[in-house]
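Remarks on the overall topology
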Amino acid sequence: MSRMRAASLLDALGIGAIIAVAIASLVILIAPSIIVVIISFDTRAYVAFPPEGFTLDWYRQVFSQDVLVEAMWNSLQVGVTVTALCILLGVPTALVCVRGRFRGTTALSVYVLVPHMVPGIVLGVAVLFAGALVGVGPSIGLQSISIAVFVLAVMVRTVMSRLQRLDPALDEAAANLGATPFQNLRTITFPLLMPAILAGSVFTFIEGFDNISVAIFTHGFRDRPLPIELLAMVQTTNTPLVAAVSGVQILLAILALAAVSKSIGLDRVND
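First, a word on what this report is: a plain description of the structure on this page. Values in this document were obtained by computation on a predicted structure and should not be read as measured data.

1. Considering the overall build of the protein chain
A count of helices and strands for the protein chain gives 11 helices and 0 strands. Beginning at the N terminus, the succession of helices and strands in the protein chain can be written as α-α-α-α-α-α-α-α-α-α-α. Burial statistics for the protein chain: of 271 residues in total, 37% are counted as buried. Here the contacts in the protein chain between residues at least 6 apart in sequence split such that 72% fall between residues at least 24 apart. Only carbon and sulfur atoms are counted for the fraction: they give 70% of the accessible area of the protein chain, which is about 15600 Å².

2. Comments concerning a nonpolar patch on the surface
A cluster of nonpolar residues, L26, L29, I30, I34, I35, I38 and F49, forms a patch on the protein surface that exposes about 650 Å² of accessible area. Among the structural elements, I30 can be located in helix α1 (residues 2-39). A relative accessible area of 43% places I30 in the partly exposed class.

3. A closer look at helix α3 (residues 66-99)
Its 34 residues give α3 an end-to-end C-alpha distance of 49 Å, which sits within 8% of 50 Å, the value for a rise of 1.5 Å per residue. I87 marks where α3 bends most, by close to 25°.

4. Here we look at the packing of α3 against helix α6 (residues 140-164)
Each pair of packed helices can be summarised by the angle the axes make with each other and by the distance between the axes. Interaxial distance between α3 and α6 falls to 6 Å at its minimum, and their mutual angle equals 40°. As summarised for this structure, α3 and α6 are arranged oblique, according to the angle between their axes. Where α3 crosses over α6, the two elements pack in a sense that is right-handed. Along the lines of polarity and charge, the residues of the contact of α3 with α6 split into 22 nonpolar, 8 polar and 1 charged.

5. With respect to the packing of aromatic side chains
The full count for this structure, using the stated rule, is 3 aromatic pairs. When the centroid spacing of 5.1 Å and the interplanar angle of 15° are considered together, the rings of F41 and F54 count as stacked. Within this pair, whereas F41 is found in the loop between α1 and α2 (57-64), its partner F54 is found in the loop between α1 and α2, the two being separated by 13 residues in sequence. For F54, a relative accessible area of 62% corresponds to the exposed category. With 6.1 Å between their ring centres and 35° between their planes, F205 and F209 make a pair best called tilted.

6. As for the nonpolar core
V82, C86, I147, V151, V156, V159 and L193 are the most contacted members of the largest nonpolar core, which has 29 residues in total. Counting residues per element, the ones that place at least two in this core are α3, α5 (120-133), α6 and α8 (181-210). Contact partners of V159, with chain neighbours within four places excluded, come to V91, A94, L193, A196 and I197. Among the nonpolar cores identified, the runner-up in size contains 16 residues, and L68, A71, F209 and A244 belong to it.

7. What about the side chain of S201?
Relative to the assigned elements, S201 resides in helix α8. Separated by 2.7 Å, the side chain of S201 and the backbone oxygen of I197 make a polar contact. The residues touching S201, leaving out its near neighbours within four places in the chain, are T83, I87 and M155.

8. With respect to the layout of surface pockets
Estimates place the volume of the largest pocket at around 180 Å³. Mapped onto the lining of the largest pocket, the elements with two or more residues apiece are α3, α4 (105-117) and α6. Residues of the lining of the largest pocket, tallied by class, amount to 10 nonpolar, 1 polar and no charged.

9. Describing the environment of P168
Along the chain, P168 falls in helix α7 (residues 168-176). What makes P168 exposed here is its relative accessible area of 51%. Separated by 69 residues in sequence, P168 and R99 place their C-alpha atoms 9.9 Å apart.

Conventions and cut-offs
Residues numbered from 1 in each chain as written. Predicted model: local features only at pLDDT ≥ 70, side-chain atom pairs only at ≥ 80, totals over all residues. Heavy atoms only, no water. Helix = DSSP H or I, 4+ residues; strand = E, 2+ residues; numbered from the N terminus. Buried < 20%, exposed > 50% of the residue type's maximum accessible area, 1.4 Å probe, protein only. Contact = heavy atoms within 4.5 Å. Areas by Shrake-Rupley, 256 points an atom, 1.4 Å probe, with all protein chains shown as cover. Patch = residues over 30% accessible without salt bridge, like charges linked within 9 Å, V, L, I, M, F, W, Y side chains within 5 Å. Salt bridge = Lys/Arg side-chain N within 4 Å of Asp/Glu carboxyl O. Expected span 1.5 Å × (residues − 1). Bend = angle between axes of the 7 residues up to and from the residue. Axes fitted to C-alpha atoms, helices over the stretch in contact; angles between N-to-C directions. Parallel < 35°, antiparallel > 145°, perpendicular 65-115°, else oblique. Left-handed = near helix turned anticlockwise from the far one by under 90°. Nonpolar A, V, L, I, M, F, W, Y, C, P; charged D, E, K, R; others polar. Phe/Tyr/Trp six-rings, centres within 6.5 Å; stacked < 30°, edge-to-face > 60°. Core = buried A, V, L, I, M, F, W, Y, C linked by side-chain atoms within 4.5 Å. Polar contact = N/O pair within 3.5 Å; in protein donor to acceptor, adjacent residues only side chain to side chain. 1 Å grid on protein atoms, 1.4 Å probe; cavity = no way out; pocket = protein on both sides within 12 Å on 5 of 7 lines; lining within 4 Å. Points joined across faces, edges and corners; volume = space filled by probe spheres on them.

Written as structure tokens, this is what we have:
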């Protein structure tokens, strides 16, 4: 009996330790973002915590300064372009990796993952040099391509995970009913893959909008995205305007995830 009590006590202590570590991890991950958002409402003209008052003036300045508005527009263009490229390239790649009937499908899936494992700075320099060799200078286009290469694995892996869970009997039933392979993709496979495609699109858009490690080497001088503009601001100013710009980026990421959760539910991505 004493051994059973000791085992139960050890189990309880283990579960308590796991819960404590999980809570501490969540606090470490979330607390910095919460502090930044709180600072963005401070009435003082310098960064300090805790704030002394509440104001929305810093957010008004974010949307009233032409430089920041243009940077947001550039980031939106990059985010949309990266998302489009990842959908056009990632979904067919995932289909080939899962449904392909030739040797090398495993190697292809690993090959797609390699750029995501390389540090973004290394990839940014590599794309910059590659663009120079073919006469393409830093621009929104080069930035979009480089980030798309960097995050393509996110789309591929998300769609592959969903595709591997689909019942193969659906394809067999469609074929028995006379459906062509294209009709099968259009009417059965793609609708079932839509939750994964939408989730992958959100993640790639957020990465395209917020990426700095790749963008710092591939953005154009006149096409600076918001993260690069924020980096320049941090080096030259100490006002809560920097926190307000960060708050806008955090809000955009939250809204994007909330939209996916509301429309399809994050729990349906891999169902």
